Amino acid sequence: AQTVTQSQPEMSVQEAETVTLSCTYDTSESDYYLFWYKQPPSRQMILVIRQEAYKQQNATENRFSVNFQKAAKSFSLKISDSQLGDAAMYFCAYRRAGGNKLVFGAGTILRVKS
Amino acid sequence: NAGVMQNPRHLVRRRGQEARLRCSPMKGHSHVYWYRQLPEEGLKFMVYLQKENIIDESGMPKERFSAEFPKEGPSILRIQQVVRGDSAAYFCASSNTGELFFGEGSRLTVL
């Protein structure tokens, strides 16, 4: 069974600085998708970024980028120029290609200090 | 285009009562998923439905929980004889063939 591990329960970053959230996963599949979701206090699940495993290029969405290391099964999220609105719970998630279920990590709380 | 709509947003039940949570998928989406989030945890898959069919219920507890997605109307997650351990946020997501879009969740509190 696939598992997703987020080893940092909580992280803090100063406004305007950069922070990296870690995620590792375990799978025997070769084709899959990885995601980072943001859950602010409103509890809405917001897709931040996605990565297809067959793509070597790391995905980027404005201030958010990933470091995808397929051999190491690592998928970290880098947030540049952190803003107060980035404060939230961040979840890493996995879905195998052709599958329907998302498997989530336990989450990392990100606090942004002004 | 309205997003995934869940109601009620908050539901309080006493032990032994029934809870019904509703989910209207995004327009044009025929796939619905239910996830449960216990306090301080990530979301756990419960069930995946298409219209009138349960495709995957591997995450559903064997007793007291059921889900449906009728031809007309919203998907319903039903919890019978609720216990305190059922207190959680229940999220619905919908998709067509690709990306999942989540609703804002229904928070169930069992007294």
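This one's a predicted model, so the numbers in the text were calculated from it and none came from an experiment.

S.K.: Just to check I follow, could you spell out the interface of chain B and chain A for this structure?
M.R.: Many descriptions give the size of an interface as the accessible area lost when the pieces come together. With 21 residues of chain B at the contact, the number on the chain A side is 17 residues. Between chain B and chain A, a total of about 1600 Å² is buried, with carbon and sulfur atoms accounting for 49% of that surface. Contact with chain A buries surface across chain B, with Leu-43, Glu-99 and Phe-102 of chain B losing the most and accounting together for 32% of the total. Where chain B meets chain A, there are 2 salt bridges. Arg-50 of chain A serves as the salt-bridge partner of Glu-99 of chain B, at 2.2 Å between the closest nitrogen and oxygen. Applying the counting rule to chain B against chain A returns 6 residue pairs in polar contact (both at pLDDT 80 or more). For the side of chain B that touches chain A, the elements supplying multiple residues, two or more each, are strand S4 (31–37), strand S5 (43–50) and strand S9 (88–95) of chain B. Residues belonging to the side of chain B that touches chain A are distributed by class as follows: 9 nonpolar, 5 polar and 7 charged.

About the criteria used
Residues numbered from 1 in each chain as written. Chains lettered and ligands numbered in written order. Predicted model: local features only at pLDDT ≥ 70, side-chain atom pairs only at ≥ 80, totals over all residues. Heavy atoms only, no water. Contact = heavy atoms within 4.5 Å. Buried area = accessible area lost by both parts, 1.4 Å probe. Salt bridge = Lys/Arg side-chain N within 4 Å of Asp/Glu carboxyl O. Polar contact = N/O pair within 3.5 Å; in protein donor to acceptor, adjacent residues only side chain to side chain. Helix = DSSP H or I, 4+ residues; strand = E, 2+ residues; numbered from the N terminus. Nonpolar A, V, L, I, M, F, W, Y, C, P; charged D, E, K, R; others polar.

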